Amino acid sequence: MSWAAKDVARYLSGYPGKKDDLAANLNLRFYKNEIQSYPQGDYIDEIHKDWFGHYELLEGHHGYIQWLFPIREKGMNSYSQELQLFEAKAIAEDPKLTKRLIKSYRLMLDFYGMELACETTGLVRRKKNENWKE
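Position numbers for residues count from 1 along each chain, tracking the sequence in the order it is written. The predicted origin of the model limits local features to residues at a pLDDT of at least 70 and limits the giving and counting of side-chain atom pairs to 80 or more, whereas totals for whole chains, interfaces and linings rest on all residues. Computation of side-chain values covers all heavy atoms of the structure but excludes hydrogens and water.

> How should the packing of aromatic side chains be read in this particular structure?
Any two aromatic rings considered together are summarised by their centre-to-centre distance and by the angle between their planes. Any Phe, Tyr or Trp ring, taking Trp's six-membered ring, that has another such ring centre within 6.5 Å forms a pair; planes under 30 degrees apart are called stacked, those over 60 apart edge-to-face, and the others tilted. Per the stated rule, a full pass over the model turns up seven aromatic pairs. Linked through ring pairs, Phe30, Tyr31 and Trp67 together constitute an aromatic cluster.

> Explain the confidence of the model for the protein here, please?
A low pLDDT means the predicted coordinates there should not be read in detail. Every residue carries a pLDDT, the predictor's confidence in it, which falls somewhere between 0 and 100. For the protein, the average pLDDT comes to 92, and 96% of its residues sit at 70 or higher. The helix count covers DSSP runs of H or I at least four residues long, the strand count covers runs of E at least two residues long, and both are numbered beginning at the N terminus. Mean pLDDT values over the elements of the protein span from 88, in helix α1 (residues 3–12), up to 98, in helix α2 (residues 26–31).

> What's the story with the nonpolar core in this structure? I'm lost.
One recurring pattern in soluble globular proteins is that nonpolar side chains are buried together. The definition of a nonpolar core used throughout is a set of buried Ala, Val, Leu, Ile, Met, Phe, Trp, Tyr and Cys residues joined through side-chain atoms within 4.5 Å. Using a 1.4 Å probe on the protein chains alone, a residue whose accessible area is under 20% of its type maximum counts as buried, one over 50% counts as exposed, and one in between counts as partly exposed. In this structure, Phe30, Tyr31, Trp51, Tyr64, Leu68 and Leu107 are the most contacted members of the largest nonpolar core, which totals 15 residues. Contributing elements (two or more residues each) for this core: α2, α3 (44–51), α5 (65–68) and α7 (95–111). Each residue touching phenylalanine 30, except ones within four places of it in the same chain, is listed here: Ile35, Gln36, Ser37, Asp42, Tyr43, Ile44, Ile47, Trp67 and Leu68. Residue contacts are defined here by distance: any two heavy atoms, one from each residue, within 4.5 Å place the two residues in contact.

> What exactly am I supposed to notice about the packing of α3 against α7 here?
Helix-helix packing is characterised by the crossing angle of the two axes and by the distance between the axes. Between N-to-C directions, angles cover 0 to 180 degrees, with each direction set by a line fitted to C-alpha atoms, over the stretch in contact for helices. The interhelical angle for the contact between α3 and α7, taken along N-to-C directions, is 35°, at an axis separation of 10 Å. Here the hand of the crossing between α3 and α7 comes out left-handed. In this structure, α3 contributes Ile44, Asp45, Ile47, His48 and Trp51 to the contact, and α7 contributes Arg100, Lys103, Ser104 and Leu107. Looking at the contact of α3 with α7, its residues break down into four nonpolar, two polar and three charged. Each crossing gets its hand from how the near helix is turned against the far one by less than a right angle, where anticlockwise is left-handed and clockwise is right-handed. Nonpolar residues are Ala, Val, Leu, Ile, Met, Phe, Trp, Tyr, Cys and Pro. Charged residues are Asp, Glu, Lys and Arg, and all others, Gly as well, are polar.

> Sorry if this is basic, but what is going on with unusual backbone geometry here?
One can expect most non-glycine residues to show negative phi and most peptide bonds to be in trans. A cis amide bond links tyrosine 38 to the next residue, proline 39, at an omega of 5°. Secondary-structure assignment places proline 39 in the loop between α2 and α3. Phi at tyrosine 15 is positive, roughly 55°, even though this residue is not glycine. Unlike most non-glycine residues, asparagine 33 shows phi in positive territory, near 70°. Along the polypeptide, asparagine 33 turns up in the loop between α2 and α3. Looking at asparagine 33, the relative accessible area reads 23%, which means it is partly exposed.

> Any chance you could explain the pattern of salt bridges here in plain terms?
Opposite charge on two side chains allows them to pair when their charged atoms are near. Here, a salt bridge means any side-chain nitrogen of Lys or Arg that lies within 4 Å of a carboxyl oxygen of Asp or Glu. One pass over the structure, following the stated rule, counts nine salt bridges. Close ionic contact of aspartate 20 with arginine 72 constitutes a salt bridge, the shortest N to O distance being 3.1 Å. Separated by 52 residues along the polypeptide, aspartate 20 in the loop between α1 and α2 and arginine 72 in the loop between α5 and α6 (85–93) bring together distant segments of the chain. The class of aspartate 20 is partly exposed, set by a relative accessible area of 27%.

> Is there a simple way to think about the environment of arginine 126 in this case?
On the secondary structure map, arginine 126 appears in strand β2 (residues 124–126). Separated by 13 residues in the primary sequence, arginine 126 and glycine 113 have C-alpha atoms spaced 6.1 Å apart.

Quick look at the structure:
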């Protein structure tokens, strides 16, 4: 099995054997708007307000991705933290934090030229744009 296939299998199986570090709560604190992303980041509410539609900023600065969408393994941003299961649960159970997650999703969909058509179903569609021609 290739390295990529093993990585995907580990992800899909929920990272078997991986234990939560209860002291590691940076993702939760970021989604609570208590700390800034790092490096060269901002508070999540400011990112949603000030970065939306600023495609050059989003393209040139990649450190925010692992703060907006943390996963259970270390990524390219050495300042970000692996997502802990207790953090994911807290974000999912808090309507204010879930709303922030959806705003993060909308920000990235917009960057990719897409939009969330329905929050209930998760339906995504190409964003209407006067520059796009069929």
